[in-house]
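Examination of the molecular architecture
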Amino acid sequence: MRVGLYPGTFDPITLGHIDIIRRAASLVDKLVIGVAINRDKGPLFTLEERVDLIEEECEALAKETGIEIVAHPFENLLINCAQDVGASLIIRGLRAVADFEYEYQMVGMNRLLNKEIETVFLMAEAQHQAIASKLVKEIARLDGDVSKFVTPRVNAELKARFAK
């Protein structure tokens, strides 16, 4: 069984993330969405809320693709998380050249830590390349329309969060 790990903060999950998840699902038998517990980033949504949103948004996709998609919180090294979940592939989404430069360094370090785990890069579809969770949160905070960037559930959660 080929297991893939798609890690990120997912604060919140966007249509760009879902695009990568859909395409990654065709590469593996099981896809683990690694939800990073990155306290330094100060996420808008709690870990439990992010996991819940991911599980809800991926439920139909799992049925559609026929593969198991699970959310897995982690706070250790990415390569250790991959080992913990039995992943042979780490899946990373790329939006721009700047993403590649950072990811290239990460792949090098991960290969030094465990050469058995490969990293696969998937380019975001053109309509999703500008979407970043950080920008989505900023637009929503300023009462802008983010409905083109997130699902209806995530949009509602953002509106509720910033209405407070």
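Remarks on the pattern of salt bridges
Evaluation of the coordinates by the stated rule reveals 12 salt bridges. Between Arg-141 and Glu-138 there is a salt bridge, with the nearest N and O atoms lying 2.7 Å from each other. Residue Arg-141 and its partner Glu-138 are located together in helix H5 (residues 133-141), separated by 3 residues, close to a single helical turn. Taking the relative accessible area as the measure of exposure, Arg-141 reaches 46% and is therefore partly exposed. Since its relative accessible area comes to 35%, Glu-138 is described here as partly exposed.

As for the environment of Glu-116
Among the secondary structure elements, Glu-116 is positioned in the loop between helix H4 (97-113) and strand E5 (118-123). Taking the C-alpha atoms as reference points, Glu-116 and Ala-130, 14 residues apart in sequence, are found 32 Å from one another. If we skip the residues at most four places from it in the chain, Glu-116 touches Ser-88 and Arg-111.

Describing the sheet that holds E5
In spatial order, the strands read E3-E2-E1-E4-E5; together these 5 strands make up an open sheet with parallel pairing. Pairing within the sheet leaves two strands with one partner each, and these edge strands are strand E3 (68-74) and E5. Averaged over all adjacent pairs, the angle separating strand axes in this sheet is 30 degrees, with direction ignored. On the sheet, helix H1 (residues 15-24) packs against strand E1 (3-8), strand E2 (30-36), E3, strand E4 (89-94) and E5 and is oriented at approximately 125 degrees with respect to E5. Contacting E2 and E3, helix H2 (residues 47-65) runs over the sheet at an angle of about 165 degrees to E3.

Thresholds applied
- Residues numbered from 1 in each chain as written.
- Predicted model: local features only at pLDDT ≥ 70, side-chain atom pairs only at ≥ 80, totals over all residues.
- Heavy atoms only, no water.
- Salt bridge = Lys/Arg side-chain N within 4 Å of Asp/Glu carboxyl O.
- Helix = DSSP H or I, 4+ residues; strand = E, 2+ residues; numbered from the N terminus.
- Buried < 20%, exposed > 50% of the residue type's maximum accessible area, 1.4 Å probe, protein only.
- Contact = heavy atoms within 4.5 Å.
- Pairing = 2+ DSSP bridges.
- Axes fitted to C-alpha atoms, helices over the stretch in contact; angles between N-to-C directions.

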